[in-house]
Amino acid sequence: MPVFNRLQHIVVAVKDLDAAAADWEKIFAFKATNRSEDAESRRVQFNVGGSWIALAEPVTEKGPLREFLETRGQGVCSAAVQVEDVEAVVKRVQEQGASVHRDGSGRVSVDPQFTTGVRIELWPAGPQSDGPSLFKRFHHLVVATNGTAADADAWHNLFSPQGAADPSRGSFTGQVTAGQAYFGLIDSEDHPEPVKKFLTEKGEGVYIVSVVDDNVVGTIQAVRERGGRIVGDENGGGQVFVHPVSTHGVLLEINDEEYTRNWVVDYGKAPNQR
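Figured I'd write up the structure that's included with this text. (Residues numbered from 1 in each chain as written. Predicted model: local features only at pLDDT ≥ 70, side-chain atom pairs only at ≥ 80, totals over all residues. Heavy atoms only, no water.)

Notes on the sheet that holds strand β9 (residues 137-145)
Stated precisely, the cut-off is as follows: For two strands to count as paired, DSSP must find a minimum of two bridges between them. Elements are defined by DSSP. Helices are runs of H or I of four residues or more, strands are runs of E of two residues or more, and each kind is numbered from the N terminus. As a rule, the C-alpha atoms of each element are fitted with a line to give its axis, helices using only the stretch in contact, and angles between N-to-C directions run from 0 to 180 degrees.
Taken together, the seven strands give an open sheet; going across it, the order is β10-β11-β9-β12-β15-β14-β13, and neighbouring strands pair in mixed fashion. A single partner strand is all that each edge strand has here, and the edge strands are β10 (174-178) and β13 (230-232). Taken pair by pair, the neighbouring strands of this sheet meet at an average axis angle of 25 degrees, ignoring direction. Of the pairings in the sheet, the one linking β13 to strand β14 (residues 240-242) comprises three bridges and is antiparallel in character.

Here's the deal with empty space enclosed by the protein
So the rule is basically this: Buriedness for pockets is judged along seven lines, at least five of which must meet protein on both sides within 12 Å for an open set on the 1 Å grid over protein atoms alone, while cavities are sets there where a 1.4 Å probe fits but cannot get out, and lining residues have an atom within 4 Å of a point. Grid points are joined across faces, edges and corners, and a volume is the space filled by probe spheres set on the points. In this classification, the charged set is Asp, Glu, Lys and Arg, the nonpolar set is Ala, Val, Leu, Ile, Met, Phe, Trp, Tyr, Cys and Pro, and all remaining amino acids, among them Gly, are polar.
Within the structure shown, the criterion is met by one cavity of 30 Å³ or more. In this structure, the largest cavity spans a volume of roughly 110 Å³. Lining the largest cavity are 16 residues; nearest its centre among them are Gly-75, Val-76, Phe-198, Val-206 and Gly-249. At the level of elements, α2 (64-72), β5 (75-83), α5 (194-202) and β12 (205-212) are the ones that each hand at least two residues to the lining of the largest cavity. Its residues placed into classes, the lining of the largest cavity shows nine nonpolar, five polar and two charged.

Overview of the nonpolar core
Going by this rule: By convention a nonpolar core is built from buried Ala, Val, Leu, Ile, Met, Phe, Trp, Tyr and Cys residues, the set being connected through side-chain atoms within 4.5 Å. Buried means the residue's accessible area, taken with a 1.4 Å probe over protein chains only, is under 20% of the maximum for its type, while exposed means over 50%, and partly exposed covers the values in between. The criterion used for residue contact is that any of the two residues' heavy atoms lie within 4.5 Å.
One finds Phe-4, Ile-120, Leu-122 and Phe-183 to be the most contacted residues of the largest nonpolar core, which totals 59 residues. Every residue in contact with Ile-120, bar those within four places of it in the chain, is listed here: Phe-4, Ala-79, Val-81, Val-108, Ser-109, Val-110, Thr-115, Trp-155, Phe-159 and Phe-183. Formed by 13 residues, the second largest nonpolar core is a distinct cluster that contains Val-142, Ala-144, Ile-186 and Tyr-207.

Dropping the structure here:
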């Protein structure tokens, strides 16, 4: 049985929430929802099926979000997953030698030093987001690592019931499912140009966010017309991305169901991050 039931949301650290939200709303012609503020951050939400993307600006001088932004710049700093039993997963990861963090609001996360730069938040099963959705669903997150099979094995030992990673994962060194979505690990050895550049500039962590959309060509054309920067195959049938300069740090891959059914990934040719 998979450890992760669902990829609930991702958090994107941004320097200026108002500017980031305005740019997302402009290029995607979609209104942000659930504007909120807690002890650590100000946030807005863009629904992705029953899940969501949260843009977050730190409001304190210390904390994981502030530290991520100051050391790595804007980008995906954490991913929240739903699990059947949070404490059972905590016990599992601690038995594997990883540590967890509990914040003042009761959120539990796995220390990112044990998950190649990705802070994994563990959430109990709960209601999904409702209302209009920017994209149909998450497809996967690509996690860039400095290592090879050892990093994939660490993820699998922590979060996958079968243990060590399957070495025949194509472009991915390892893969951990989260409901309909998954985390795919890649390394700089197999993907020397764009991934190595990302690792040099940002360090290990979420390199690509892949989502499913019902009209890729129409969406991409509209994003370009609204000022978004597009790279890749704009006519469908291949990989196409919204560049992180347009999304405040997220390399966003947009796919349709047909492409994901015939999944062929060559992230060695993914665009460089600038």
